[in-house]
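Report on the structure
Here is what each chain is made of, one letter per residue.
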Amino acid sequence: MANEWSWGDDQQVPGPPSSATPGQPTGTPSGLPAYGQYATGPTGGGPSGGPGNYPPGLWVPKPGIIPLRPLRFGDIVNGAFGAIRANPAVMFGMSFLVMLVVAAIGGVFSYYTERQLLAQASADANLEELWESILPSTLPMLVPLLLALLATTVLSGLIVLAVSRAVLGRVLGPGAVWKQVRGRIPALLGLTVIVYVLQLLPAAVIIALLAGLATLMRDSGWDPGAALFLLVVPGLGGLAASAYLSIRLLFAAPVLILEKTTVGAAIKRSLALTRRSFWRLFGIIIVTGILAGIVSGFISSFITLPVLAFMSISSDPSQATPPAAVAVLYLGQALASTFTVPFTAATTALLYIDQRIRRESLDVELARAAQQ
């Protein structure tokens, strides 16, 4: 086949069709829609109306964690949880080990940074000297933050591949997942940097402009109400632009891993897949993000709140946090991340697959691949 995209483990599925209408595969039996084809007539949906309503009794294959048809919100959430249940060794085991290492490093940096700041605060230093010492003392905390970003990026790539196999009802162990993804990690890291820069660029430009505008208004004696309006509106515009780009680039990483493209091609492909789907994708990402945040907060609070309560009663505010308390606090963060990272990555992977089902009838090829 001339135009093919990789499906993770050297299995190939067709890329974007060059002439077929999205959602309408060719060569289907008359009278019934094939996998991925929208039903028409009284029972039909269609690309503009969401998933088609299949005629009663039409069997939709479900070889793995999702039915092979356009997905509803419940299918995506259930599929994300199903991916975690289907492959806990990758989704939980690898995630916990990686996030535990990240949390341990973060805890060490946090403990020694806090001790250094307290030592400087207790010295005979005026406020200006203390303020000047804060930045050099806190800069080392960037190390665990960058390490967490690196770990999350790599984990997400591994999880995307594991989810793609779980869709077919297959389970890859940690070693097999790592073997297939490790060659793509440098490109994945480069893509992540580019995506973050593109997402933050509008907000950064607007913040710089607002800083200059604020200085000008202060020197010119503008009315505070008008000044606030002129500052808030562009700021919200920058946030909106960043949110828009984050959705349009949502599928760049799954494309890079599963279709084995270049970084530039992955960005271009993500822009194509998300075209005219912004609000649907944005809504699902927001709702699933809130859900992940609630569960993560519950997990973290269950562990950290007793420690914080004990510290508020027994500890001296002028003394550094005890090492045991720091360890427990960061353990809570590691456990919370062990859930949020796999769930978020699985949601993104399933949204990517859903978009290809809706636009390219990927479910037809997935059904065939599941039978091999």
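Residues numbered from 1 in each chain as written. Predicted model: local features only at pLDDT ≥ 70, side-chain atom pairs only at ≥ 80, totals over all residues. Heavy atoms only, no water.

1. A look at the packing of aromatic side chains
To keep it simple, the criterion reads: Whether two aromatic rings pair depends on their centres lying within 6.5 Å, for rings of Phe, Tyr and Trp, where Trp uses its six-membered ring; planes under 30 degrees apart make the pair stacked, over 60 edge-to-face, and the rest tilted.
Evaluation of the coordinates by the stated rule reveals 10 aromatic pairs. Members of the aromatic cluster, each reached through a chain of ring pairs, are Tyr244, Phe278, Trp279 and Phe282.

2. Thoughts on the UniProt feature "transmembrane region" (unreviewed entry) in the protein
The cut-off we apply is this: UniProt positions are given in the numbering used here, feature names are shortened, and annotations may be inferred rather than shown by experiment. Counting from the N terminus, the helices are the DSSP runs of H or I reaching at least four residues and the strands are the DSSP runs of E reaching at least two.
In the UniProt entry, the feature "transmembrane region" (unreviewed entry) is given for residues 89–112, 145–168, 188–214, 226–257, 278–308 and 328–353. Segment residues 89–112 splits into 100% helix and 0% strand. End C-alpha atoms: 34 Å apart. Across residues 328–353, the secondary structure splits into 100% helix and 0% strand, with the terminal C-alpha atoms separated by 38 Å.

3. Some details on unusual backbone geometry
With a phi angle near 55°, Lys260 is a residue other than glycine that sits in the positive phi range. For Lys260, the position within the fold is in the loop between α8 (252–258) and α9 (263–273). In this structure, Arg276 is a non-glycine residue whose phi angle is positive, near 60°. Following the sequence through the fold, Arg276 ends up in the loop between α9 and α10 (278–314).

4. So, the pattern of salt bridges
We count it as follows: We define a salt bridge as a side-chain nitrogen of Lys or Arg found within 4 Å of a carboxyl oxygen belonging to Asp or Glu. For the exposure calls, accessible area comes from a 1.4 Å probe over protein chains only, and a residue counts as buried if that area is under 20% of its type's maximum, exposed if over 50%, partly exposed in between.
Here the structure, examined in full by the defined rule, presents 8 salt bridges. With a shortest N-O distance of 2.9 Å, Asp354 and Arg358 are connected by a salt bridge. Note that Asp354 and Arg358 are positioned in helix α11 (residues 323–360) at a spacing of 4 residues, about one turn of the helix. In this structure, Asp354 and Arg358 share a single accessibility class: buried. Residues participating in the shared-partner salt-bridge network are Glu259, Arg269, Arg356 and Glu360.

5. Some words on helix α12 (residues 362–370)
Summarising burial for α12: 7 of the 9 residues are buried, a large majority. Among the residues of α12, Leu362, Asp363, Val364, Glu365, Leu366, Ala367 and Ala369 are the ones counted as buried.

6. Re the packing of helix α4 (residues 142–166) against α11
Applied cut-off: Under this scheme, a helix contributes an axis fitted over its contacting stretch, all axes are lines through C-alpha atoms, and angles between N-to-C directions fall in the 0 to 180 degree range. Should an angle fall under 35 degrees it is called roughly parallel, over 145 degrees roughly antiparallel, and 65 to 115 degrees roughly perpendicular, with every other angle called oblique. Left-handed describes a crossing whose near helix is turned anticlockwise from the far helix by less than a right angle; the clockwise case is right-handed. The contact rule is simple, with two residues in contact once any of their heavy atoms fall within 4.5 Å. For this scheme, ten residues count as nonpolar: Ala, Val, Leu, Ile, Met, Phe, Trp, Tyr, Cys and Pro. Four count as charged, namely Asp, Glu, Lys and Arg, and the remainder, Gly too, count as polar.
Where α4 meets α11, the closest approach of the two axes is 8 Å, and the angle between their N-to-C directions is 50°. The pairing of α4 with α11 is recorded here as oblique in orientation. Helix-helix and strand crossings are classified by hand; for α4 and α11 the assignment is right-handed. Facing Thr152, Leu155, Ser156, Ile159, Val160, Val163 and Ser164 of α4, the residues of α11 in contact are Val341, Pro342, Ala345, Ala346, Ala349, Leu350 and Ile353. Residue composition of the contact of α4 with α11, by class: 11 nonpolar, 3 polar and no charged.

7. Remarks on the nonpolar core
Spelled out, the test is: Put simply, a nonpolar core is a bunch of buried Ala, Val, Leu, Ile, Met, Phe, Trp, Tyr and Cys residues held in one set by side-chain atoms that sit within 4.5 Å of each other.
Ile65, Val163, Val167, Val177, Phe251, Leu350 and Ile353 are the most contacted members of the largest nonpolar core, which totals 66 residues. Examining the composition of this core, we find that 14 residues originate from one element, α11, more than from any other. In this structure, Val163 is in contact with Ile65, Ala83, Met91, Ala346, Ala349 and Leu350, ignoring residues within four places of it in sequence.

8. Describing the environment of Leu172
Along the polypeptide, Leu172 turns up in the loop between α4 and α5 (174–181). Between the alpha carbons of Leu172 and Val90 there is a distance of 8.2 Å; along the sequence they are 82 residues apart.

9. Thoughts on the packing of α9 against α11
In the contact formed by α9 and α11, the axes pass within 11 Å of each other and the chain directions differ by 65°. Of the two possible hands of crossing, α9 and α11 adopt the one that is left-handed. Touching Arg269, Ala272 and Leu273 of α9 are Tyr352, Gln355, Arg356, Arg359 and Glu360, all from α11. Taken together, the residues that form the contact of α9 with α11 break down as 3 nonpolar, 1 polar and 4 charged.

10. Focus: α9
Defined as follows: By definition, the arc is the one covered by directions from the helix axis to the C-beta atoms.
Of all the residues in α9, the buried ones are Ala266, Ile267, Arg269, Ser270 and Leu273. Seen along its axis, α9 keeps its buried residues to an arc of 165°; they face one direction.

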